Amino acid sequence: MTTPDPRPTLAILISGRGSNMVAISKACLNGELDARVALVISNRPDAPGIQAARDMGIDTAVIDHKAFASREQFDNAMHERLAEVQPDWIVLAGFMRILTGDFVNRWQGRMLNIHPSLLPKYPGLDTHARAIAAGDLQAGASVHIVSPELDAGPVVAQVRVPIEPDDTPDSLAQRVLQEEHALYIKALQLCVGRKD
Ligand code: GAR
């Protein structure tokens, strides 16, 4: 008889590359994070991250937003799939869809997002280009609790990186991403827990 796994469960939502998802999944596998990834969902069938999750032996689902007539219908389909798994936390990791207030309220307080800016600066898109255009000396990333307003929930953890004089949005995005993985694991340790 197998004993049930007592660790809290995560469902990770992605839209693309999935490097944050892979870092979090590895942290669960190596015990750095006291949690288990129960499901990875992508809203894009061609997201490279979905194959990366399969390669790690994680259950995956593709829920293509283009197959739904409205944002509400897509969010309902996501909710139904998530409800089957009943994750303790939903982890948005490069998930590039705006979620409806109804969806957010159903999982309120149990959903985290990583955003590549020093929130409350630069919610939304093109954060690195906006930071460079503003002449900022620092950029960074924030992990926050998801609230109905876009990129506006309470910040759990942040990391800062310098903006160099010759930075492009791509070079800055790369430097920020290198820090995002450890940041997300740290934020999850704070919210979900770690084995001592
Ligand atoms: C990350 O830089 C993340 O901060 C950003 O998308 C990238 C996903 O990379 N998220 C957002 O812009 C959300 N508004 P990944 O797929 O390799 O984790």
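Above this note sits the structure.
Being a predicted model, the structure only gives us computed values, none of them experimental.

## Observations regarding the state of the cysteines
Inspection of the entire model under this criterion finds zero disulfides. Summary of cysteine pairing: Cys-191 is not part of a disulfide, and the nearest cysteine sulfur, belonging to Cys-28, is at 13 Å.

## Regarding the sheet that holds strand E3 (residues 60-62)
Ordered by their spatial adjacency, seven strands build an open sheet running E3-E2-E1-E4-E5-E6-E7, and the pairing between neighbours is mixed. Looking along the sheet, the strands with just one partner apiece sit at the ends: E3 and strand E7 (155-162). For this sheet the average axis-to-axis angle between neighbouring strands, irrespective of direction, equals 15 degrees. Strand direction decides the pairing type here: strand E4 (residues 89-92) and strand E5 (residues 111-115), joined by three bridges, are parallel.

## Remarks on the packing of aromatic side chains
One pass over the structure, following the stated rule, counts one aromatic pair. A centroid spacing of 5.9 Å and a plane angle of 65 degrees characterise the contact between Phe-68 and Phe-74, whose relative ring orientation is edge-to-face. A relative accessible area of 1% places Phe-74 in the buried class.

## So, the nonpolar core
Soluble, globular proteins show a tendency: their nonpolar side chains are buried together. Leu-10, Ile-12, Ile-24, Val-40, Tyr-184 and Leu-188 are the most contacted members of the largest nonpolar core, which has 39 residues in total. Per element, the largest residue contribution to this core is seven residues, and it comes from helix H6 (residues 169-191). Setting aside residues up to four positions removed in sequence, Val-40 forms contacts with Ile-12, Ile-14, Met-21, Ile-50, Ala-53, Ile-58, Asp-59, Thr-60 and Ala-61. Leu-13, Met-78, Leu-92 and Phe-103 belong to the second-largest nonpolar core, a separate cluster that totals 19 residues.

## Brief notes about the pattern of salt bridges
The final tally for this structure, using the stated rule, is five salt bridges. The salt bridge involving Asp-5 is made with Arg-36; its shortest N-O contact spans 3.7 Å. Highlighted residues: Asp-5 in the segment before strand E1 (9-14) and Arg-36 in strand E2 (residues 36-42), separated in sequence by 31 residues. Judged by relative accessible area, which is 35%, Asp-5 ranks as partly exposed.

Conventions used here
- Residues numbered from 1 in each chain as written.
- Predicted model: local features only at pLDDT ≥ 70, side-chain atom pairs only at ≥ 80, totals over all residues.
- Heavy atoms only, no water.
- Disulfide = S-S within 2.5 Å.
- Pairing = 2+ DSSP bridges.
- Helix = DSSP H or I, 4+ residues; strand = E, 2+ residues; numbered from the N terminus.
- Axes fitted to C-alpha atoms, helices over the stretch in contact; angles between N-to-C directions.
- Phe/Tyr/Trp six-rings, centres within 6.5 Å; stacked < 30°, edge-to-face > 60°.
- Buried < 20%, exposed > 50% of the residue type's maximum accessible area, 1.4 Å probe, protein only.
- Core = buried A, V, L, I, M, F, W, Y, C linked by side-chain atoms within 4.5 Å.
- Contact = heavy atoms within 4.5 Å.
- Salt bridge = Lys/Arg side-chain N within 4 Å of Asp/Glu carboxyl O.

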